[in-house]
Amino acid sequence: MASSAPTSGKKTLNTVTLLFKLPYYTQWGQSLLIAGSEPPLGSWNVKQGLSLSPVHQDSELIWCGSVSVAAGFTSEYKYYVVDDNKNVLRFEAGEKRKLVLPEGVQEGDVIEIRDWWQDASDALFLRSAFKNVVFNDTEAVKKEVQTVSLNKSLDPEDIIVQFVISCPRLVSGSTVVVTGSNPQLGRWKAQDGLKLSYVGDSLWKGNCVLRKSEFPVKYKYCQISQAGNPSLELGPNRVVDIDLSSPKQSRYVILSDGALRDAPWRGAGVAVPVFSIRSDEDLGVGEFLDLKLLVDWAVNSGFHLVQLLPINDTSVHGMWWDSYPYSSLSVFALHPLYLRVQALSDAIPADVKEEIQQAKKHLDKKDVDYEASLSTKLSIAKKIFNLEKDKVLNSSSFKQFLSENEEWLKPYAAFCFLRDFFETSDHSQWGRFSQFSKEKLEKLISEGTLHHDVIRFHYYVQYHLYMQLSEAAAYARKKKVILKGDLPIGVDRNSVDTWVYPTLFRMNTATGAPPDYFDKNGQNWGFPTYNWEEMSKDNYGWWRARLTQMAKYFTAYRIDHILGFFRIWELPEHAATGLVGKFRPSIPLSQDELLSEGLWDFNRMSQPYIRQEILEEKFGSFWTVIAANFLNEYQKQCYEFKEDCNTEKKIIAKIKASPEKSLWLEKEDSIRRGLFDLLQNIVLIRDPEDATKFYPRFNLEDTSSFRDLDEHSKNVLRRLYYDYYFVRQENLWRQNALKTLPVLLNSSDMLACGEDLGLIPACVHPVMQELGLIGLRIQRMPSEPNLEFGIPSQYSYMTVCAPSCHDCSTLRAWWEEDEGRRSRFYKTVIGSDEEPPSRCTPEVVHFIVQQHFDAPSMWAIFPLQDLLALKDKYTTRPAPEETINDPTNPKHYWRFRVHVTLESLLDDKDIQATIKDLVTSSGRSFPGKKVGGAGESGEKLSKVQLNGKA
């Protein structure tokens, strides 16, 4: 048993007391604690961490805690908000704090550590988008990490104050000083202030000896440029004081002051899908190496960011349906569509070169010919592969790629082989290979098989895609341009991921969105929903792997349909539309709850309500044909669907295959819509997994089933409907998001933006703010109630603003498609009572685009089509042809191509100058502009500001 008594001949350790203080307002039942890497702070076990106690100090609530440690103690640590059982409710963002005690501490000293809670928004500038791209020249500041020391003997009246500040946006060659009210801090003369030393991780530190009589001390941090120009931080003076009445006086005070208070940084970018890019070198579709030209154009136009749509392989059906970039065959594999075959080898034979030239001409069309471009590229790639496969596959570069990616690459290659062999991606049709196993995989990819070259070809293509995208990504970083990727919310149900990890998905369901701006009937994307419970067992390893893979290429990403991480709109697998769904997770209406409200006829409310008068109204004289073929009359003038057509997918199949289809050949669409309306004519959805649970059908008041109910039932259902959709779920959805989203955000150091459009629960924006997630604002889809058009000047800083996006019509098309809306916009937004032009002229575009550049949003990101509309020359194409996606059409062909090449756009100096003028006049940062320090906001500090009175 260990003894605490001193042992003869052994030196006892000097101990000091650490006193932590943090201002933070908590809610009832919450408290703060510190967990860190060393045993005194719990060794990262939160329940063993250092508990803090609250103390009211003036108007602040200060959380305090002390612990005794050895004099040479060092540790990493973080602050956590916990409940009464020490369950974590939230934790601070950013890197782990590093505690290194000042030199010279002695036995019995008290070191007071005054921290600020690190908000997620404060940590954004430590993400790779800024750290490694926009501000990557600041590394020149940080060549020499210095040790902060104190060479001065102390007397009892001395207090050592260590100033610590984070400056991720510091200009190359600049220094950081503390200037303040007393002589040691220069009496507000920045040049005479306390010069700080860089200690790594964007942190600057400096020690200062102050007399007790000098407190309180007012101070600010100041950047001094290489030319000697000072730039004082914004905001009120900081103040440090000490408690002279304390019986045990702190000898050292460490002021961990968070981040230097700069003017808000704002940047701009361009959005375009890779497939939409046109260049002199492409084969009918944009390619990864074209991104280098796009980056050049972005830099010339003043943009720090290029945003893309998903770039993963979507080759599920082997036809143009696969043009849909959000339906991944693999969330790890890149799409062969974006391969540049000319770059596969330096020794391409003359006949293959000629084939490539002919393909260029043949595929140079107005729109993408998805099938022709992909098959041509794969055919050419296969010829080059056959010539150089051994050379490439035995290279050290390829072997390293295979080693780093085999976890997903081998199953992907096996899947592609089986898909082509069985002529379907539906792995349930693959016989003994339907169930994935590692043993079967190893046999499939082993060298002795006849199809081994097929497997190796898929390796080869993915290797070259990796090399080409990596080259483009490195070029973008060098040019200070962020590449922003897109993280799709779902995967195709017939994908590598559902084959390899079937337990992670609810395969009897589909994902979609309830009715919203994009589609009044809702959307059905067809993806299986996630089994979050199963995913949580390995701390969401599949998601973490996805983000790690993305971070190889991107420094920022868009989280598609971020609402799905709060709750997802779940539909039965047999649904074809998106209307009759329910949120998962959600608290349902229980049978007991409904009974207590006087609602008891559950079959009447949850089964399609079909009466003869409804049939006559919907189908006219044709109603008898409909009834005979699709319905049974179970009592006089009351009908139900026949077994072979009682779901949406069954209805589609029967309409197409019925022997009676000659009766409705000219009316297929209207009959299908009419039958869907009948099927959806319910007010409650019964849970297929628990018959005692119900969910209110979306927009239930629009149904005749609702209208024919008695008034009491209507009133109860109205109240329960509002409660289900807008009240009872909020806490559940918040908790759900806080389980999953932090894992994603901590899986990489990419900058994360969330697509938060649609029906937004009240909990969404507070959670996004807490996690430092940047939201999206589209002017025509305002998040504010009672507004038809958003007001960019009122957008919050933590947003991306844009006049349009890939899921809606372009600015030109939107302007020209609705005369009444155009007139209202012209009057309320542009402020003119005149008749608006019917055509979206460059002047109108300039006004709207400038609004967005001038907005407070951190980012203004514009679809390339909207930027080209600034010049008449680029508006000759009919506006509707520039739309990328139609969300109302689940089989939309994603094939838009920009009608001018990047080379010609680079030659057009006028439009680049026009756009750059908009960037610079709005005060947004641009590549080549000095960032941080003096002049960031375009103004130099006056002497008055430097007197500490700013």
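Residues numbered from 1 in each chain as written. Predicted model: local features only at pLDDT ≥ 70, side-chain atom pairs only at ≥ 80, totals over all residues. Heavy atoms only, no water.

**Re helix 7 (residues 452-478)**
Line of reasoning, step 1. For helix 7, with 27 residues, the first-to-last C-alpha span of 39 Å sits near the 39 Å given by 1.5 Å per residue.
Line of reasoning, step 2. Just downstream of helix 7 lies Lys480, where phi reads positive at about 65°. (Helix = DSSP H or I, 4+ residues; strand = E, 2+ residues; numbered from the N terminus. Expected span 1.5 Å × (residues − 1).)

**Considering the packing of helix 4 (residues 370-393) against helix 7**
Line of reasoning, step 1. Where helix 4 meets helix 7, the axes come as close as 10 Å, and the angle between the chain directions of the two elements is 95°. With respect to each other, helix 4 and helix 7 are oriented roughly perpendicular. Residues Leu378, Ala381, Lys382, Ile384, Phe385, Glu388, Lys389, Asp390, Val392 and Leu393 of helix 4 touch helix 7, and the partners they reach there are Asp453, Arg456, Phe457, Tyr460, Tyr463 and His464.
Line of reasoning, step 2. Tallied by class, the residues present in the contact of helix 4 with helix 7 amount to 9 nonpolar, 1 polar and 6 charged. (Axes fitted to C-alpha atoms, helices over the stretch in contact; angles between N-to-C directions. Parallel < 35°, antiparallel > 145°, perpendicular 65-115°, else oblique. Contact = heavy atoms within 4.5 Å. Nonpolar A, V, L, I, M, F, W, Y, C, P; charged D, E, K, R; others polar.)

**Thoughts on the sheet that holds strand 19 (residues 267-271)**
Line of reasoning, step 1. Strand order in the open sheet formed by 8 strands is 35-26-21-20-19-38-37-36, with parallel pairing between adjacent strands. Where the open sheet ends on each side, the last strands, each with one partner, are strand 35 (751-754) and strand 36 (775-778). Recorded for the sheet is a direction-independent mean angle of 25° between the axes of neighbouring strands.
Line of reasoning, step 2. Together, strand 19, strand 37 (799-802) and strand 38 (859-863) form the strand contacts of helix 23 (residues 842-854), whose direction differs from that of strand 38 by roughly 150°. (Pairing = 2+ DSSP bridges.)

**Comments concerning the side chain of Ser327**
Line of reasoning, step 1. Tracing the backbone shows Ser327 in the loop between strand 20 (305-307) and helix 3 (350-363).
Line of reasoning, step 2. In terms of polar contacts, Ser327 uses its side chain to reach the side chain of Asp492, at 2.7 Å.
Line of reasoning, step 3. Ignoring sequence-local partners within four residues, the contact set of Ser327 consists of Thr314, Val316, Asp492 and Phe527. (Polar contact = N/O pair within 3.5 Å; in protein donor to acceptor, adjacent residues only side chain to side chain.)

**Regarding the domain arrangement of the protein**
Line of reasoning, step 1. What the domain assignment reports for the protein is domain 1 (15-259), domain 2 (268-488), domain 3 (568-728) and domain 4 (775-879).
Line of reasoning, step 2. The straight-line distance from the C-alpha centre of domain 2 to that of domain 4 is 35 Å.
Line of reasoning, step 3. Between domain 2 and domain 4, the residue contacts involve 16 residues of the former and 11 residues of the latter.
Line of reasoning, step 4. Overall, the association of domain 2 and domain 4 removes approximately 1,000 Å² of surface from exposure, summing both partners, and the carbon and sulfur fraction of that is 71%.
Line of reasoning, step 5. If you look at where domain 2 meets domain 4, you find 6 residue pairs in polar contact (both at pLDDT 80 or more).
Line of reasoning, step 6. Of all elements in the fold, only strand 19, strand 20 and strand 21 (482-487) reach the threshold of two or more residues within the side of domain 2 that touches domain 4. (Domains from an automatic or database assignment. Buried area = accessible area lost by both parts, 1.4 Å probe.)

**Let's talk about the confidence of the model for the protein**
Line of reasoning, step 1. Of the residues in the protein, 95% reach a pLDDT of 70 or more, and the chain-wide mean stands at 92.
Line of reasoning, step 2. Throughout residues 1-11 the model reports pLDDT below 50, and contacts reaching past four residues in sequence, or to other chains, amount to 0 contacts. (pLDDT = per-residue confidence, 0-100.)

**Digging into the environment of Gln680**
Line of reasoning, step 1. With respect to the helices and strands, Gln680 occurs in the loop between helix 16 (668-679) and strand 33 (684-686).
Line of reasoning, step 2. Take Gln680: its relative accessible area is 6%, and that puts it in the buried class.
Line of reasoning, step 3. Considering only alpha carbons, one finds Gln680 and Val580, 100 residues apart in sequence, at a separation of 6.6 Å.
Line of reasoning, step 4. Apart from residues no more than four positions distant in its own chain, Gln680 is found in contact with Thr577, Leu579, Val580, Glu648, Arg697 and Thr703.
Line of reasoning, step 5. At 2.8 Å, the side chain of Gln680 forms a polar contact with the side chain of Glu648. (Buried < 20%, exposed > 50% of the residue type's maximum accessible area, 1.4 Å probe, protein only.)

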